[in-house]
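# Observations on the model geometry
As a plain string of letters, each chain reads:
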Amino acid sequence: FVGCAVTSNVHKFYKTSTGDWAVKKVIQVPLKEVEGWIAPQMAGMITDILISLDDKYLYLSNWLHGDIRQYDISDTDNPKLTGQVFLGGSILSDSNVRVTRDEELGSQPDPVHVKGRRLEGSPQMLQLSLDGKRLYVTTSIFKPWDQQFYPEHVKNGSTMVKLDIDVQNGGMKLDERFLVDFGADKNDILLAHEMRYPGGDCTSDIW
C-alpha cells in the first residue's frame, strides 16, 4: 500500500495471476470545500501510513484535516474505515476556516485538550506497538510548513499522544492520561517528528 500525500489517497500495488504488477486506488479521502483558507478546497494531505503487524489494519494521518484514520484491510481491495480521531488540524471549530461542504462530517471538530494542554498543529508521524494496541502520534512535519500552517504549534512546541486500539473490533480512543509536551520547557521549545521503539515497532525489522 502506498499513501499519496497531495491527492490524499492510497493505492494498492499487487501481482496479477500472470505475474505482472498492477495498481488500484483503494482509499480516497474526500476533499472539503472551505472558505477562509488558501484555496476553495482542502485535501487531507496524507503524511504517514503504516500497517499493523497482523496485516489487519492500515493507519494514516491527514495532516491538513487533522485526523488519524484506521482501516480494516482484511479485504485488501475494499478497505473499511473502522476508526477516526481528530487531534488538531486546519478545520477546527474555532479556526478561521469555515467548511461549506463536507461529505463525511456534520460539523467541524472541536479543539482537543490532553492534561490541560491544547493539541496544536496536526497528527503527523505514527508508531504502532508490535501487539497493535498502542498508536503513538507526533505533530511536527517540517518547521517551514509548521510555521506556515500552524504558527501557534511552532510557538508552543509539539506534542506526542497515544491512541488505544481495539484490535478485535476496530476503533481508536485517545488516552487522556498520556502526554509528552515538547513545549513545557519554554527555554527549549521543540518540534518532535520521528519516533522509534528501542525494540522496533510494526514497521521495523530490527526486533
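Let us look at the structure shown here. (Residues numbered from 1 in each chain as written. Predicted model: local features only at pLDDT ≥ 70, side-chain atom pairs only at ≥ 80, totals over all residues. Heavy atoms only, no water.)

### Examining unusual backbone geometry
Positive phi, close to 55°, is recorded for serine 8, a residue that is not glycine. Position of serine 8 relative to the elements: it lies in the loop between strand E1 (2–4) and strand E2 (9–15). Its relative accessible area of 1% is what places serine 8 among the buried residues. Residues other than glycine seldom take positive phi values, yet lysine 115 does so here, at roughly 50°. Tracing the chain through its elements places lysine 115 in the loop between strand E11 (113–114) and strand E12 (117–118). (Helix = DSSP H or I, 4+ residues; strand = E, 2+ residues; numbered from the N terminus. Buried < 20%, exposed > 50% of the residue type's maximum accessible area, 1.4 Å probe, protein only.)

### Some remarks on the sheet that holds strand E3 (residues 21–28)
Paired through their backbone hydrogen bonds, the strands of a sheet run either parallel or antiparallel. Pairing within the open sheet is antiparallel, and its 3 strands lie in the order E1-E2-E3. The sheet is open, and its two edges are formed by E1 and E3, each paired on a single side. The sheet shows a mean angle of 30° between the axes of neighbouring strands, direction not considered. With 7 bridges connecting them, E2 and E3 associate as antiparallel partners. Looking at the pairing, phenylalanine 13 lines up with valine 23 of E3. (Pairing = 2+ DSSP bridges. Axes fitted to C-alpha atoms, helices over the stretch in contact; angles between N-to-C directions.)

### Re the side chain of asparagine 156
The topology assignment puts asparagine 156 in helix H2 (residues 151–156). Sequence-distant contacts of asparagine 156, that is, excluding residues within four places in its chain, are made with Arg117, Glu120, Gly183, Lys186 and Ile189. (Contact = heavy atoms within 4.5 Å.)

### Examining the packing of aromatic side chains
This model, assessed by the stated rule, comprises 8 aromatic pairs. When the ring of tryptophan 63 is compared with that of phenylalanine 149, the centres are 5.5 Å apart and the planes differ by 80°; the resulting orientation is edge-to-face. Here tryptophan 63 is found in the loop between strand E7 (57–62) and strand E8 (67–72), whereas its partner phenylalanine 149 is found in helix H1 (residues 143–149), with 86 residues between them in sequence. Residue classification places tryptophan 63 among the buried positions, given a relative accessible area of 1%. Taking the centre distance of 6.2 Å and the plane angle of 80° together, the rings of phenylalanine 142 and tryptophan 145 count as edge-to-face. A residue is classified by how much of its surface remains accessible, and phenylalanine 142, at 48% relative accessible area, is partly exposed. The rings of Trp37, Trp63, Phe142, Trp145, Phe149 and Tyr150 are connected pair by pair, giving a single aromatic cluster. When the ring centre of tyrosine 14 is taken as origin, the NZ or CZ atom of lysine 12, which lies over that ring, is 4.9 Å away. (Phe/Tyr/Trp six-rings, centres within 6.5 Å; stacked < 30°, edge-to-face > 60°. Lys NZ or Arg CZ within 6 Å of the ring centre and 35° of its normal.)

### Side note on the layout of surface pockets
One number sums up the size of the largest pocket: a volume of about 470 Å³. Elements represented by at least two residues in the lining of the largest pocket include exactly H1 and H2. Counting residues per element, the lining of the largest pocket draws most heavily on H2, at 3 residues. Along the lines of polarity and charge, the residues of the lining of the largest pocket split into 8 nonpolar, 7 polar and 4 charged. Each pocket or cavity is described by its volume, and for the second largest pocket that value is around 150 Å³. Lining the second largest pocket are Ala5, Val6, Trp37, Ile38, Met42, Ala43, Met45, Trp63, Leu64, Trp145 and Phe149. Class assignment for the residues of the lining of the second largest pocket results in 11 nonpolar, no polar and no charged. (1 Å grid on protein atoms, 1.4 Å probe; cavity = no way out; pocket = protein on both sides within 12 Å on 5 of 7 lines; lining within 4 Å. Points joined across faces, edges and corners; volume = space filled by probe spheres on them. Nonpolar A, V, L, I, M, F, W, Y, C, P; charged D, E, K, R; others polar.)

### Remarks on a nonpolar patch on the surface
Taken together, the side chains of Val2, Phe13, Trp21 and Val23 make up a nonpolar region of the molecular surface, amounting to roughly 430 Å² of accessible area. Among the structural elements, phenylalanine 13 can be located in strand E2. (Patch = residues over 30% accessible without salt bridge, like charges linked within 9 Å, V, L, I, M, F, W, Y side chains within 5 Å. Areas by Shrake-Rupley, 256 points an atom, 1.4 Å probe, with all protein chains shown as cover. Salt bridge = Lys/Arg side-chain N within 4 Å of Asp/Glu carboxyl O.)

### Notes on the nonpolar core
Counting 19 residues, the largest nonpolar core has Tyr59, Ile68, Leu87, Leu135, Val137, Leu163 and Met172 as the members making the most contacts within it. Of all the secondary structure elements, the ones that give two or more residues to this core are E7, strand E13 (126–128), strand E14 (134–138), strand E15 (159–165) and strand E16 (172–174). Counting residues per element, this core draws most heavily on E15, at 3 residues. Apart from the residues lying within four places of it in its own chain, the contact partners of valine 137 are Ile68, Leu87, Pro123, Gln124, Met125, Leu126, Thr159, Met160, Val161, Leu163 and Met195. The next biggest cluster of nonpolar side chains, apart from the first, holds 11 residues, and it includes Met42, Met45, Val97 and Ile141. (Core = buried A, V, L, I, M, F, W, Y, C linked by side-chain atoms within 4.5 Å.)

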